[in-house]
Structure formats: C-alpha cells, structure tokens
Amino acid sequence: MYDPSHLRTFLAVAQTLSFTQAARRLGLRQSTVSQHVRRLEEAAGRQLFSRDTHSVELTEDGEAMLGFARRILEVQEQAAAFFTGTRLRGRLRFGASEDFVLTRLPEILESFRYDHPEVDLELTVELSGTLHEQLAAGKLDLVLAKRRAEDPLGELVWHDGLVWIGAERLRLDPDRPVPLIVYPPPGITRALALEALERQGRDWRIVCTSGSLNGLIAAARAGLGVMAHSRGLIPPGLFRVPERAGLPELDKVDFVLIHGNRRSPAQTTADALAAAILTSGTQLRRP
C-alpha cells in the first residue's frame, strides 16, 4: 500500500521540516520530494503536512504516520538482510553528543545491535566540539552531534533552535550578571550562549561548568542559573525562560551525522547505523 521510497522521503521531510533540505539529503529534486509526499498522502487519504511558503509542519495524521513509516521500513530492511544473507560485522566507533543522553538513542542503538549482532559497536559520549576533533583525528567512524547552522559539514538530521532554560521558579535580576550553567570548551552551545550575551552587552558569570548533561541539569533544577539548550531536547523538570527576562535570542543549530574516513573498513557499518538514525531521527526529539 505504501511505497518505501515515498516513506523514506516522508521521514526526511518530517525530520528537516523542509522540502529543500529533504531533497538535498536524498539526492532528489525538490519536485520529486513533493511528488512522493503527495502520492503518500493520496495513498493514506489524509494530509500529512500543513505547509505554506514559510513553514512545514506535521499534521496529527502525519505524526501518526511517523511510527508506521519507521516500522514498515525497519521490517523491510530486516527482511532484505535475511533473504540476501548479508551480515554486517566488524568494529564501529560511534560518537554521540551529550545532548542525546536522555533521549531514545539507546533504543535505536539496541535495535541496531539486535539487527547486526556481529558488529562490535563502541560508543563515545562527549561534547559536540570534542567529537568533531576526535573524528578529524581518525579516532571515530561516525558522529551524531551539533554544528552551527551555517556550517556545511555533515548530513542533516534536523534543524533546531537554542533556547534559555532553567528551573520553573527561577527569577533573574536585570541589574545583576546572568548566572550561566555551561559545558566547558569546546562546547558549541557554550560558545553560542556567550556570543549572544556579548552581542547584547549583557554581563554574565559562570555558576556551574560540567561536561555531563546530568550535571548541568542538576544545577539548573537547583535554581543556580540558566543554560542554553536545544529547544527539541529540553530535559524534564526544566522550562524555557520567559521573554520578559530580557535574555538575548540564541542562534540555531543543526544536529548532523558526520562520517569519518570513507575508505575505512567501518564504512559499510557506519552507513547502516547512519541510515537507522536517519530513519528514526524524529524519535530523538521531545514533543
């Protein structure tokens, strides 16, 4: 009933919320992406996206289709691997940024390990900036991390904006420096937060530094200060700081997959894990 190529295109648009970005990811023309989505909507008999010249958003039926599309493609890939007799094996060094500690990434990795039991998966969790450095040094084969929105490096998983978050009862004194909870250098979020405050001319002071997302969350929940964080990954128990606090607007970021040396023995397994993450990418974001 549903063409797998149409489902893959649908997932790419759902993750990027952009027909243009989906076309780039899939190596298709934008008109082809639009055609795939239209045909899937015709097959389902429902509108999956609400779109105008400025934005693309999933409808309620589109949200429902996400789960179906992921499961259909997953089963199709399992069947293809079974009947072709192809089995991935070898060592795969995968790096994921701290942003994904509290997401459903472990479930995606568990599913990948179940489908490819002969792959020796080594996971490194670090700051995005550190992961970029380790990838460039040849210490990792595939990385899932943040990048600045203007950076062309990597394959887009989704766009996101940074927002200020903190404890629900936190109140900022406009006459005192902004209390900041930050990652250490070379954290991308840290750099963007400090740049935004400098542009505004707002004084700040660092009240907590931690390389662990759980450490930052504990400090924020205790009301020590505010932290810049991905809008789509706000941890439970923390809230967006209201606009009346007067904090500057933060830049956008991209979450991307970046491959290491394409000629390495791990290329095939890295491609398979990247495909699994791209297929399930919307599961990583919080509503």
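Structure's up top.
Residues numbered from 1 in each chain as written. Predicted model: local features only at pLDDT ≥ 70, side-chain atom pairs only at ≥ 80, totals over all residues. Heavy atoms only, no water.

1. Observations concerning the overall build of the chain
Here is step 1: Along the backbone of the chain there are nine helices and 11 strands.
Here is step 2: For 287 residues, the compact-globule estimate of 2.2 N^0.38 gives 19 Å, and the C-alpha radius of gyration of the chain, at 20 Å, lies within 12% of that figure.
Here is step 3: Projected onto its principal axes, the C-alpha coordinates of the chain cover approximately 65 × 45 × 30 Å.
Here is step 4: Within the chain, the fraction of its 287 residues that count as buried is 48%.
Here is step 5: Across the chain, the fraction of contacts at a sequence separation of at least 24, relative to all contacts at a separation of at least 6, is 77%.
Here is step 6: Of the roughly 14,700 Å² of accessible surface on the chain, a fraction of 49% belongs to carbon and sulfur atoms.
Here is step 7: Charge centroids of the chain, computed over 36 positive and 36 negative side chains, lie 0 Å from each other. (Helix = DSSP H or I, 4+ residues; strand = E, 2+ residues; numbered from the N terminus. Rg over C-alpha atoms; globule rule 2.2 N^0.38 Å. Buried < 20%, exposed > 50% of the residue type's maximum accessible area, 1.4 Å probe, protein only. Contact = heavy atoms within 4.5 Å. Areas by Shrake-Rupley, 256 points an atom, 1.4 Å probe, with all protein chains shown as cover. Lys, Arg positive; Asp, Glu negative; His and termini not counted. Charge placed at Lys NZ, Arg CZ, Asp CG, Glu CD.)

2. Some words on the packing of aromatic side chains
Here is step 1: By the definition in use, this model includes five aromatic pairs.
Here is step 2: Here the aromatic rings of phenylalanine 100 and phenylalanine 255 are separated by 5.4 Å at their centres, their planes lie at 70°, and the arrangement is edge-to-face. Taken together, the residues span a long stretch of sequence, with phenylalanine 100 in the loop between β3 (90–97) and α5 (105–115) and phenylalanine 255 in strand β11 (residues 252–259) at a distance of 155 residues. Summarising the burial analysis for this pair, phenylalanine 100 and phenylalanine 255 share the class buried.
Here is step 3: Seen in terms of ring centroids, tryptophan 158 and phenylalanine 255 are 4.7 Å apart; in terms of plane orientation they differ by 35°. Their pairing is tilted. Placement of tryptophan 158 in strand β6 (residues 155–166) and of phenylalanine 255 in strand β11 is noted, with a sequence separation of 97 residues between them. The pair tryptophan 158 / phenylalanine 255 is uniform in exposure class, with both members buried. (Phe/Tyr/Trp six-rings, centres within 6.5 Å; stacked < 30°, edge-to-face > 60°.)

3. Some remarks on a nonpolar patch on the surface
Here is step 1: A cluster of nonpolar side chains, namely Val101, Leu102, Leu123 and Val125, defines an oily patch on the protein surface of about 280 Å² accessible area.
Here is step 2: Tracing the backbone through its elements, the reader meets leucine 123 in strand β4 (residues 119–126). (Patch = residues over 30% accessible without salt bridge, like charges linked within 9 Å, V, L, I, M, F, W, Y side chains within 5 Å. Salt bridge = Lys/Arg side-chain N within 4 Å of Asp/Glu carboxyl O.)

4. Things to note about the pairing of strand β5 (residues 142–148)
Here is step 1: The buried fraction of β5 is high, at six of seven residues.
Here is step 2: Here β5 runs beside β11; their pairing, made up of seven bridges, is antiparallel. Bridging from a neighbouring strand, valine 143 pairs with isoleucine 258 of β11. (Pairing = 2+ DSSP bridges.)

5. Some words on the nonpolar core
Here is step 1: Judged by nonpolar contacts, the single largest core of 44 residues is most densely connected at Phe94, Leu144, Trp164 and Leu273.
Here is step 2: Tallying contributions element by element places helix α7 (residues 188–200) first for this core, with six residues.
Here is step 3: Here leucine 273 is in contact with Leu92, Phe94, Leu109, Phe112, Leu121 and Leu142, once residues within four sequence places are set aside.
Here is step 4: Formed by 20 residues, the second largest nonpolar core is a distinct cluster that contains Leu11, Ala12, Val13 and Leu48. (Core = buried A, V, L, I, M, F, W, Y, C linked by side-chain atoms within 4.5 Å.)

6. What about the pattern of salt bridges?
Here is step 1: In total, this model carries 11 salt bridges according to the counting rule given.
Here is step 2: Across the pair arginine 46 and aspartate 61 runs a salt bridge whose closest N-O atoms are separated by 3.1 Å. In this pair, arginine 46 is assigned in the loop between α3 (30–44) and β1 (49–51) and aspartate 61 in helix α4 (residues 60–84), connecting sequence segments 15 residues apart.
Here is step 3: Note that arginine 199 and aspartate 251 form a salt bridge whose closest N and O atoms lie 3.7 Å from each other. Here the residue arginine 199 occupies a position in helix α7, and aspartate 251 occupies one in the loop between β10 (239–240) and β11, the gap between them amounting to 52 residues.
Here is step 4: When its relative accessible area of 32% is taken as the criterion, aspartate 251 is described as partly exposed.

7. Description of helix α2 (residues 19–26)
Here is step 1: Within α2 the residues assigned to the buried category are Phe19, Gln21, Ala22, Ala23 and Arg25.
Here is step 2: Against the buried residues of α2 lie α1 (4–16), α3, β1, β2 (56–58), β6 and α9 (267–280).

8. Quick word on unusual backbone geometry
Residues other than glycine predominantly adopt negative phi, and peptide bonds predominantly adopt the trans conformation.
Here is step 1: At the junction of proline 185 and proline 186, the peptide bond is cis and its omega measures out at 10° in the coordinates.
Here is step 2: In this fold, proline 186 is placed in the loop between β7 (178–182) and α7.
Here is step 3: Not every positive phi belongs to a glycine, and leucine 17 is a case in point at roughly 50°.
Here is step 4: Mapping leucine 17 onto the fold places it in the loop between α1 and α2.

Just geometry here; none of it tells us what the structure is for.
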